[in-house]
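Each chain is listed here by its residues.
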Amino acid sequence: MLNCSKNMQHKNFKNIDKVTYGRGSFAQLAETVESVRKENNKYFVYVVDNYFKGKPLSTKLQNKPEDLIYYIDVDPHEPKTEQIDSLRDEILSKQGLPSGVIGIGGGSIMDIAKALSLMLTNEGSSTLYQGLNLVKKPGIYHLGVPTISGTGAEVSMTAVLTGPEKKLGLKCDWTVFNQVILDPELIASVPTDWWFYTGMDTYIHCIESETGIRNNAFSLAYGEQSLKLCREVFLGENAGRTPENDDKLMVASLMGGLSLTYSEVGACHAISYGLSMVLGTRHCYANCIIFQHLGDIYLKGHSEFMQMIEKHNIVLPQNLSKDWTEEQITAMAQVSYNLPFMWNHAFGDNYKEIATLDYIKNLFRRL
Ligand code: NAD
Ligand code: ZN
């Protein structure tokens, strides 16, 4: 096992303040936020995945008349800086500073809720704060209710936004949710292809986290447990879409997120960021498209991943790069190249000799 943590700055990560877990726990939402409602202008902003508009969940929000509910369609694109800025401006001009933000949805909504919480108290465009510890003031109380499992966005200290120049998170201690409610009943309705792609994000987080120089006993403990759960959900004899597996996948997602937080992601995520930035390919889907071609980098994880693809009859697109121009490949490779900490983690201290721009371009040509 490669491990050079002795020579590295040790991570000091703020975890979620409180976590509720269990079937039906969503019903505890109102009582959970009751004490927070006394702050600021005493109302909550709900950002809810548009999928739930008119669905039973929308009648169980337990909101008060003064609360603002935004149903957001996350399908046209991943969260954008301008989207957060205009939502923030609208909310503040309508009712002033809320008591808190409640996000109900997948990774996109988790990131919108986290970013909104920060941008409600930090002036100017969210593009100013894309990066590590650039946010100036704490955000307001924010609570996440994930409804699809895998990205780990419910636990991570970043709110990933795509801006005019970069796809990069607002990353600081204040980004982390104050409260998360993990109710596995909520993920039952996820379409099976997204259940797979997003679940595989967890699997890839764990493989990348453990296969690189920043792994350590702490990240491995979370990663190994998360991988065990992923294997049960996607490969074991009871694999597939069952309530028991939904219980497991929700925990796997959280633990996978913790594993990568205390370690790092690697080559697949570096490539994925380039693909998403230039072509808008969605994060988890992009990771699956890429990981199928990284057998030489992630030997063991790759063969297991291919077994899972086969078991769940997932068909991933092939030969995408034949339609890409040289300019597009260069632009994608440049985004990936500019994530040196991921390449360093994946390839070690001599990563600059391996992960050259040409090498990365060739990884894109495999897709
Ligand atoms: P998503 O939020 O983009 O949603 C994917 C699809 O599933 C959408 O169509 C959505 O409407 C639908 N959906 C969600 N819950 C559903 C449910 N219960 N029933 C039916 N449909 C449902 O999905 P995701 O894959 O979780 O998130 C991807 C986003 O997460 C990307 O924007 C990516 O950048 C971000 N991300 C963030 C982090 C982080 O640490 N902050 C990590 C990885 C990815
Ligand atoms: Zn990921």
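It should be emphasised that the depicted structure is a prediction, and the values quoted were computed from it without experimental measurement.

Rules behind the numbers
Residues numbered from 1 in each chain as written. Chains lettered and ligands numbered in written order. Predicted model: local features only at pLDDT ≥ 70, side-chain atom pairs only at ≥ 80, totals over all residues. Heavy atoms only, no water. Buried < 20%, exposed > 50% of the residue type's maximum accessible area, 1.4 Å probe, protein only. Helix = DSSP H or I, 4+ residues; strand = E, 2+ residues; numbered from the N terminus. Pairing = 2+ DSSP bridges. Contact = heavy atoms within 4.5 Å. Phe/Tyr/Trp six-rings, centres within 6.5 Å; stacked < 30°, edge-to-face > 60°. Lys NZ or Arg CZ within 6 Å of the ring centre and 35° of its normal. Near = heavy atom within 4 Å. Polar contact = N/O pair within 3.5 Å; in protein donor to acceptor, adjacent residues only side chain to side chain. Areas by Shrake-Rupley, 256 points an atom, 1.4 Å probe, with all protein chains shown as cover. Nonpolar A, V, L, I, M, F, W, Y, C, P; charged D, E, K, R; others polar. Salt bridge = Lys/Arg side-chain N within 4 Å of Asp/Glu carboxyl O. 1 Å grid on protein atoms, 1.4 Å probe; cavity = no way out; pocket = protein on both sides within 12 Å on 5 of 7 lines; lining within 4 Å. Points joined across faces, edges and corners; volume = space filled by probe spheres on them.

(A) Representation of the pairing of strand S2 (residues 44-49) within the structure. Most of S2 is tucked away: six of the six residues are buried. Side chains Phe44, Tyr46 and Val48 of S2 all project onto a buried face; the interleaved residues Val45, Val47 and Asp49 project onto the opposite face, where all are buried too. When S2 meets strand S4 (residues 100-105), the two strands line up parallel, connected through five bridges. When the bridges of S4 are listed, Tyr46 appears paired with Ile102. Summarising the sheet, S2 and strand S3 (residues 68-72) pair through five bridges and their orientation is parallel. Each bridged residue has a counterpart across the sheet, and for Asp49 the counterpart in S3 is Ile72.

(B) A look at the environment of Lys311. Relative to the assigned elements, Lys311 resides in helix H9 (residues 299-311). Judged by relative accessible area, which is 43%, Lys311 ranks as partly exposed. The spatial distance from the C-alpha of Lys311 to the C-alpha of Ala239 is 9.1 Å, given a sequence separation of 72 residues. Look past the residues within four positions of Lys311 in its chain and what remains in contact with it is Phe234, Leu235, Gly236 and Ala239.

(C) Spotlight on the packing of aromatic side chains. This model, assessed by the stated rule, comprises 13 aromatic pairs. Ring centres of Phe196 and Phe234 lie 5.8 Å apart, and the angle between their planes is 85°; on these two criteria the pair is classed as edge-to-face. Here Phe196 is found in helix H4 (residues 192-210), whereas its partner Phe234 is found in helix H5 (residues 217-234), with 38 residues between them in sequence. Each member of the pair, Phe196 as well as Phe234, is classed as buried. On the numbers, 5.5 Å between centres and 85° between planes, the contact of Phe218 with Tyr222 is edge-to-face. Placement of both Phe218 and Tyr222 in helix H5 is noted, with a separation of four residues, approximately one turn of the helix. A residue is classified by how much of its surface remains accessible, and Phe218, at 44% relative accessible area, is partly exposed. What makes Tyr222 partly exposed here is its relative accessible area of 21%. Among the aromatic residues, those joined into a ring-pair cluster are Phe13, Phe218, Tyr222 and Tyr262. The ring of Tyr51 is capped by Lys55, whose NZ or CZ atom sits 4.1 Å from the centre of that ring.

(D) Local environment of the site of ligand 1. In the region of ligand 1, 29 residues are neighbours, and Asp75, Ser108, Asp111, Ser156 and Arg282 sit closest. Note that an oxygen atom of ligand 1 is positioned 2.7 Å from one of the side-chain N or O atoms of Ser108. Measuring from a nitrogen atom of ligand 1, one finds a backbone N or O atom of Thr158 at 3.0 Å. Protein coverage of the free-state accessible area of ligand 1, which is 860 Å², stands at 94%. Looking at the shell around ligand 1, the elements that each hand over two or more residues are helix H3 (107-119), strand S7 (158-162), H4 and helix H8 (283-291). Broken down by element, the residue count for the shell around ligand 1 peaks at four residues, all from H3. For the shell around ligand 1, the class distribution of residues is eleven nonpolar, ten polar and eight charged.

(E) Broad picture of the side chain of Thr121. Here Thr121 is to be found in the loop between H3 and strand S5 (131-132). Since its relative accessible area comes to 17%, Thr121 is described here as buried. At 3.4 Å, the side chain of Thr121 forms a polar contact with the side chain of Asn122. Here Pro138 takes part through its backbone oxygen, which lies 2.8 Å from a polar atom of the side chain of Thr121. Non-local contacts of Thr121, meaning those with residues more than four positions away in its chain, are made with Leu97, Lys137, Pro138, Gly139 and Ile140.

(F) Local environment of the pattern of salt bridges. Taken as a whole and judged by the stated rule, the model has 15 salt bridges. Note that Lys114 and Asp111 form a salt bridge whose closest N and O atoms lie 4.0 Å from each other. With Lys114 and Asp111 both in helix H3, this residue pair falls three residues apart, about one helical turn. Exposure remark for Lys114: the relative accessible area of 0% places this residue in the buried category. With its nearest N and O atoms 3.6 Å apart, the salt bridge here joins Lys322 to Asp323. Judged by its relative accessible area of 64%, Lys322 is exposed. Ionic contacts of the salt-bridge type, sharing partners, join the residues Lys228, Glu232 and Lys248 into one network.

(G) Representation of the layout of surface pockets within the structure. Taken as a whole, the second largest pocket holds about 220 Å³ of empty space. Along the walls of the second largest pocket sit 13 residues, with Phe26, Leu57, Lys60, Glu185 and Leu186 positioned nearest its centre. Partitioned by chemical class, the residues of the lining of the second largest pocket number seven nonpolar, two polar and four charged.

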